[in-house]
Amino acid sequence: MQGGPRLRAALAALGCLIATPVLAQQQLVIPPGQERLLGAMVGQGDVELAGCRLRRAAIQKGYVVVEYGCGAKGVPTRLVLYPANHEGEVLARTEKFAIAAAGDSPPDGLAEAVAERIRKGERRWYWLEVQGETGAGAPVEPTAPLPPETAADGGELDPELVALFERGLKLYSEKRHGEALALFLDLAARNPHFAGALGMVVANLAPTRPDAEAVARYTAKADAAPDDLLAQFVAGVAAHYSAHYTARTPEEKRRLYETAIRYLERVRPAFDFEPRTFIYLAVSHYRLGHQAEAEALIQQAVAIGEHDPDAYYCRAEILHRTKTAEALKDLDTYLEMTEKFRAAGGWVADTKVARVKAMQAHLRRVMAGEEKLADIFDPLASDTPTGGPPAPAAAADAPVAMPPPPAPPAPPLPVEVVVRSPQRYGQLVVLVALGMGLLVAVGLWLRRRKDARAP
């Protein structure tokens, strides 16, 4: 298996997906922190299983793809480990896993040898049951990262912290974000390294749409306790989302993004394990026009969250003006990764996928010279049709939680074109006056004819 750190990064990065559950179907997903246990179960190290040796594993949200090299030539063979309730064709089953082939049939005995090894270690493994969204038009918010990490010695998960996480996740799924935020702040204060804790703080802070007053409260708390890294993190994230969702002028956005950077910089390097540290720093720098800083930071975010579709989505935002072709590739990667997840039985928000495709189409037309580049990632709240904050929309897989691009304005009516032109406004006034005069003259003429015919 390619290194514990990569697997830990892959699992931790799962929390960057964007989603907001609305009453939905149940899913079983892989909580972060079990990579060491998984490695032992699938044969990490110098272990031979039916003439095959482990080469690598790719952990997805709800399944694992494991590749072995078999025989003297090391012929690659892949298996997929699904939850035990998987209904497709399988080669072997254990209490908690269903083992299926990925591609050609594996060598005889491999699936059962893997199953036998899994049975010896799966007692401590667990799948987390979460809800996927079924409602349309639900908001785009950062999703729940999936809980917790094992102790360094591979011991049992701390049942108290797991229970706390799952209570918070239930509140999150019920959209009781204020209550959920309090629980996850407690969890993160106890152990910020508890996988998913910081992500769940973000997932429940963003939907509160912090305004300037809320940001002032968060920053005051952070300033009063400069050694409280969690308070600095929360203040930075709150400022970022306030800029993103509620700012009505460029000046207000700039001030809030600068605030976000100031507080998020305070948590480095202590929170360098958390992809969101780099994502929010990168996007905030980008939206202030700091292209070089943004590109360096988003590369760090992608390195940590290489299996997270939204890391590529955020990099696409940062590159879409200067390296449009690369941004389009990142959006392709996002769509490919989400489609693979969907094909494996996972839930993906159709609205987010459709929005990304619309962004791609717009960028391609821009490259072809057919359209001017629009602000599709961070419009001002005052630019929305209602004059309020950008209306959110459903997403899977969201972390930065990006608002939907503003709907294209309806073509103006001819009279609107005239009124918008200062040079032609006077012409409009003259034409209206002449028209009114003509109507009055016709009315007087008709009145006189009627009076002349009267007995």
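Residues numbered from 1 in each chain as written. Predicted model: local features only at pLDDT ≥ 70, side-chain atom pairs only at ≥ 80, totals over all residues. Heavy atoms only, no water.

Chemist: Where do I start with the overall build of the protein in this structure?
Modeler: Each helix and strand in the protein was counted, giving 16 helices and 8 strands. Burial analysis of the protein (455 residues in total) assigns 51% to the buried set. For the protein, the exposed area adds up to about 21100 Å²; of that, 56% sits on carbon and sulfur atoms. (Helix = DSSP H or I, 4+ residues; strand = E, 2+ residues; numbered from the N terminus. Buried < 20%, exposed > 50% of the residue type's maximum accessible area, 1.4 Å probe, protein only. Areas by Shrake-Rupley, 256 points an atom, 1.4 Å probe, with all protein chains shown as cover.)

Chemist: Mind showing me how you'd approach the packing of helix α7 (residues 212–224) against helix α8 (residues 229–245) here?
Modeler: To characterise two packed helices, one gives the angle between the axes of the helices and the distance between these axes. For the pair α7 and α8, interaxial distance at closest approach is 8 Å and the crossing angle is 160°. By the angle class used here, α7 and α8 are roughly antiparallel. In terms of crossing hand, the pair formed by α7 and α8 is left-handed. Contacts from Ala 212, Val 215, Tyr 218, Thr 219 and Ala 222 in α7 reach Ala 231, Gln 232, Val 234, Ala 235, Ala 238, Ala 239 and Ser 242 in α8. (Axes fitted to C-alpha atoms, helices over the stretch in contact; angles between N-to-C directions. Parallel < 35°, antiparallel > 145°, perpendicular 65-115°, else oblique. Left-handed = near helix turned anticlockwise from the far one by under 90°. Contact = heavy atoms within 4.5 Å.)

Chemist: For this particular structure, what's the right way to read helix α2 (residues 35–42)?
Modeler: Two residues of an α-helix separated by three or four positions point the same way, owing to the 3.6 residues in each turn. The element α2 is largely enclosed, with a buried count of 6 among its 8 residues. Within α2, the full set of buried residues consists of Glu 35, Leu 37, Leu 38, Gly 39, Met 41 and Val 42. Of the residues trailing α2, Gly 43 is marked for its positive phi of about 100°.

Chemist: For this particular structure, what's the right way to read α7?
Modeler: Under the 1.5 Å per step criterion, the end-to-end length of α7 is 18 Å for 13 residues, consistent within 8% with the ideal 18 Å. Buried residues of α7: Ala 214, Val 215, Thr 219 and Ala 222, and no others. All buried residues of α7 project into a common sector of 130° when viewed along the axis, lining one side. Seen from the buried face of α7, the exposed residues on the opposite side, beyond 90 degrees, are Glu 213, Arg 217, Lys 221 and Ala 224. Lining the buried residues of α7 we find α8 and α9 (250–265). (Expected span 1.5 Å × (residues − 1). Arc of directions from axis to C-beta.)

Chemist: Teacher, can you tell me more about the nonpolar core here?
Modeler: Counting 72 residues, the largest nonpolar core has Leu 187, Phe 233, Val 237, Tyr 313 and Ile 318 as the members making the most contacts within it. Element by element, the count of residues in this core is highest for α8, at 9 residues. Ignoring any residue separated from it by four or fewer positions in sequence, one finds Leu 187 in contact with Leu 161, Leu 164, Phe 165, Phe 194 and Ala 197. Among the nonpolar cores identified, the runner-up in size contains 27 residues, and Ala 57, Val 64, Val 114 and Trp 125 belong to it. (Core = buried A, V, L, I, M, F, W, Y, C linked by side-chain atoms within 4.5 Å.)

Chemist: Got a minute to help me understand the pattern of salt bridges in this structure?
Modeler: Evaluated as defined, the whole model comprises 25 salt bridges. Among the salt bridges present, the one from Glu 112 reaches Arg 119, with a minimum N-O distance of 2.9 Å. The closest approach of N and O atoms between Arg 268 and Glu 265, which form a salt bridge, is 3.6 Å. Overall, Arg 268 belongs to the partly exposed group, its relative accessible area being 28%. Salt bridges sharing partners connect three or more residues here, namely Arg 55, Arg 56, Glu 67 and Arg 78. (Salt bridge = Lys/Arg side-chain N within 4 Å of Asp/Glu carboxyl O.)

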